[in-house]
Amino acid sequence: GENVEQHPSTLSVQEGDSAVIKCTYSDSASNYFPWYKQELGKRPQLIIDIRSNVGEKKDQRIAVTLNKTAKHFSLHITETQPEDSAVYFCAANTGGFKTIFGAGTRLFVKA
Amino acid sequence: DTGVSQNPRHKITKRGQNVTFRCDPISEHNRLYWYRQTLGQGPEFLTYFQNEAQLEKSRLLSDRFSAERPKGSFSTLEIQRTEQGDSAMYLCASSLAVGGPSYEQYFGPGTRLTVT
């Protein structure tokens, strides 16, 4: 069945360092890949997304890359700050209604 | 507040009771989704509406669960004969599709259900 695997489950970095979170998906029909940030007790919020016709997208300190052949996509956060500490979820969508989420990565940024 | 809203925010119920949650999407959004999230996991898809039509329901959803969106605006999710395993955060999300697929989903704050 459809599946999205996310690694690592926990990531601890020093403030100013980069953080990388990796995901793989199983459904080759997936063509939309959003990333959500969820702070403790709050709703998931979309931070960046990428569509299958694009290999990379950047928004200030955040970038996503997509390798459709390998069914692999990654989130890169540069110059991390303590306020980046949260749980990050990757997801895959086949262009319709059903979005499959990864299990999440808990990011700790140490000041 | 023009975002997605959900009520109640918290619900404690005894096993065997029925519960109903409400979701009010962003006003112009025609798509509405329900997810369930347990501790340490990502949101799990439950069901989806385009306007008032329920177009998909997860195979994981038992017959005790039912959802409606009668006028294509707000939606309700009902759980009958609740079980302790139903304890979770129930999230609603909405999105806008105009002339084709649109993927960005905006989440509500969720309803946390505790079944004792």
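As the structure is a prediction and not an experimental result, all values here were calculated from the model.

Draft legend 1. Representation of the packing of aromatic side chains within the structure. In this structure the tally under the stated criterion is 14 aromatic pairs over all chains. For the pair Tyr36(A) and Phe101(A), a centre-to-centre distance of 5.6 Å together with 45 degrees between the ring planes defines the contact as tilted. Of the two residues, Tyr36(A) sits in strand β4 (residues 32-38) while Phe101(A) sits in strand β10 (residues 99-101), which places them 65 residues apart along the sequence. Phe101(A) matches Tyr36(A) in its accessibility class, with the two residues each being buried. Taking 5.3 Å as the distance between ring centres and 35 degrees as the angle between the ring planes, the aromatic pair formed by Tyr33(B) and Tyr48(B) counts as tilted. In this pair, Tyr33(B) is assigned in strand β4 (residues 31-37) and Tyr48(B) in strand β5 (residues 44-50), connecting sequence segments 15 residues apart. Judged by relative accessible area, Tyr48(B) falls into the buried class, the value being 2%. Here the aromatic residues Tyr36(A), Phe101(A), Tyr33(B), Tyr35(B), Phe45(B), Tyr48(B) and Phe107(B) are joined through ring pairs into a cluster of three or more. Here the guanidinium or amino end of Arg22(B) rests over the ring plane of Phe74(B), the centre of that ring lying 3.9 Å away.

Draft legend 2. Quick look at the pattern of salt bridges. Residue and element names in this part refer to chain B. Considering all chains together, one arrives at 7 salt bridges over all chains under this definition. The partner of Glu 83 in a salt bridge is Arg 64, with the nearest N and O atoms 3.4 Å apart. Of this pair, Glu 83 sits in the loop between β8 (75-79) and β9 (88-95) while Arg 64 is found in the loop between β6 (53-57) and β7 (65-68), placing the two residues 19 residues apart along the sequence. Residue Glu 83 is classed as partly exposed on the basis of its relative accessible area of 40%. Among the charged side chains, a salt-bridge network with shared partners connects Arg 64, Glu 83 and Asp 86.

Draft legend 3. Structural context of the interface of chain B and chain A. Taken together, the contact pairs 20 residues of chain B with 19 residues of chain A. The tally of links between chain B and chain A comes to 1 salt bridge. A salt bridge links Glu104(B) to Arg51(A); the shortest N-O distance between them is 3.5 Å. No other element matches β4(B), which puts 4 residues into the side of chain B that touches chain A. Classifying every residue of the side of chain B that touches chain A gives 11 nonpolar, 6 polar and 3 charged.

Draft legend 4. Examining the sheet that holds strand β3 (residues 19-25) of chain A more closely. Residues and elements named next belong to chain A. With antiparallel pairing, the 5 strands of this open sheet are ordered in space as β1-β3-β8-β7-β6. With one partner strand each, in any of the chains shown, β1 (4-7) and β6 (56-59) form the two edges of the open sheet. Going across the sheet, the axis of each strand differs from the next one's by a mean of 15 degrees, ignoring polarity. For β1 and β3, the ladder comprises 4 bridges, and the chain directions are antiparallel.

Draft legend 5. A look at unusual backbone geometry. Between His7(A) and Pro8(A) the backbone carries a cis peptide bond, its omega angle lying at -5 degrees. Assignment of secondary structure puts Pro8(A) in the loop between β1 and β2 (10-14). In this structure, Lys71(A) takes a positive phi of about 55 degrees despite not being glycine. Its place among the elements puts Lys71(A) in the loop between β7 (62-67) and β8 (72-77). Taking relative accessible area as the criterion, Lys71(A) reaches 27% and is therefore assigned partly exposed. You will see that Arg81(B), though not glycine, has its phi angle at about 50 degrees, which is positive. Judged by relative accessible area, Arg81(B) falls into the partly exposed class, the value being 47%.

Draft legend 6. Spatial organisation of the sheet that holds β8(B). Residue and element names in this part refer to chain B. One open sheet holds the 4 strands; their spatial order is β1-β3-β8-β7, and the pairing between them is antiparallel. Whereas interior strands pair on both sides, the edge strands pair on one side only; in this sheet they are β1 (5-7) and β7. The sheet shows a mean angle of 15 degrees between the axes of neighbouring strands, taken without regard to direction. Where β1 and strand β3 (residues 19-24) come together, 3 bridges link them in antiparallel fashion. In the strand pairing of β3, Asn 7 is matched with Arg 22.

Scoring rules and cut-offs
- Residues numbered from 1 in each chain as written.
- Chains lettered and ligands numbered in written order.
- Predicted model: local features only at pLDDT ≥ 70, side-chain atom pairs only at ≥ 80, totals over all residues.
- Heavy atoms only, no water.
- Phe/Tyr/Trp six-rings, centres within 6.5 Å; stacked < 30°, edge-to-face > 60°.
- Helix = DSSP H or I, 4+ residues; strand = E, 2+ residues; numbered from the N terminus.
- Buried < 20%, exposed > 50% of the residue type's maximum accessible area, 1.4 Å probe, protein only.
- Lys NZ or Arg CZ within 6 Å of the ring centre and 35° of its normal.
- Salt bridge = Lys/Arg side-chain N within 4 Å of Asp/Glu carboxyl O.
- Contact = heavy atoms within 4.5 Å.
- Nonpolar A, V, L, I, M, F, W, Y, C, P; charged D, E, K, R; others polar.
- Pairing = 2+ DSSP bridges.
- Axes fitted to C-alpha atoms, helices over the stretch in contact; angles between N-to-C directions.

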